[in-house]
Amino acid sequence: MGDDGVRAGVACVFCAIVAGEADAHVVWSDDVAVGFLDARPLFHGHTLVVPRRHLVTLADLAEDEVGAFFERVRRIAAAMPDALGAQGTFVANNNVVSQSVAHLHVHVVPRTRGDGLRGFFWPRTKYQTGEAEATAARLRVAFAPFSVD
């Protein structure tokens, strides 16, 4: 494992998204974090929020970075319901177990009563052609007013 937390010879797809080298539907981006649609969402609008700096787990996030990073998560979670007509959000983070990409990421998932999400059984869906672009556009508009000082 190198100093940047990446195994030798293994590229991090989230680092590639942050760098603009991999395709993603980015809905938030600033000097601290990038938010983009999950390619296999629980529900449309399911957003992953990642720090720009490569870190593997929440424990790797420096103490002085926690507030700034989670302020971005909070703002995305606050704006998402109105943007998507949801009643709330589910916010989660896996560390190592069930972490499919070894880069710290927080899931912000739109929720509505009766949406079928129960416990930790998370049926994944896919976007149909054009749906990811339309959902990302709605979220970008909703998140735009929340500039960070």
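All figures in this text were calculated on a predicted structure; none of them were measured in a lab.

## What to know about the nonpolar core
Okay, so step 1: By size, the foremost hydrophobic cluster in this structure holds 24 residues, and its most contacted members are Leu 37, Val 49, Phe 69, Ile 76, Val 108, Leu 139 and Phe 143.
Okay, so step 2: Among the secondary structure elements, those contributing two or more residues to this core are β1 (26-29), β2 (33-37), α2 (63-84), β5 (106-111) and α3 (131-143).
Okay, so step 3: In terms of residue count, α2 provides more of this core than any other element does, eight residues in total.
Okay, so step 4: If sequence neighbours within four positions are ignored, Ile 76 has contacts with Trp 28, Thr 47, Val 49, Val 108 and Phe 143.
Okay, so step 5: Formed by nine residues, the second largest nonpolar core is a distinct cluster that contains Cys 12, Phe 36, Leu 48 and Val 50.

## Overview of the sheet that holds β1
Okay, so step 1: Overall, antiparallel pairing links the five strands, which are arranged β1-β2-β3-β5-β4 in an open sheet. Of all the strands in the sheet, just β1 and β4 (88-93) have a single pairing partner and so form its edges. Neighbour-to-neighbour, the strand axes of the sheet open up by a mean angle of 20°, direction not taken into account.
Okay, so step 2: Two strands pair when backbone bridges link them, and β2 and strand β3 (residues 47-51) are joined in this way by five bridges, in the antiparallel orientation. Paired with Gly 35 across the bridge in β3 is Val 49.
Okay, so step 3: The strands touched by α2 within the sheet are β1, β2, β3, β4 and β5, with β5 carrying the most contacts at an inclination of about 20°.
Okay, so step 4: Set on the sheet, α3 makes contact with β1, β2 and β3; between it and β1 the angle comes to about 25°.

What counts, and at which threshold
- Residues numbered from 1 in each chain as written.
- Predicted model: local features only at pLDDT ≥ 70, side-chain atom pairs only at ≥ 80, totals over all residues.
- Heavy atoms only, no water.
- Core = buried A, V, L, I, M, F, W, Y, C linked by side-chain atoms within 4.5 Å.
- Buried < 20%, exposed > 50% of the residue type's maximum accessible area, 1.4 Å probe, protein only.
- Helix = DSSP H or I, 4+ residues; strand = E, 2+ residues; numbered from the N terminus.
- Contact = heavy atoms within 4.5 Å.
- Pairing = 2+ DSSP bridges.
- Axes fitted to C-alpha atoms, helices over the stretch in contact; angles between N-to-C directions.

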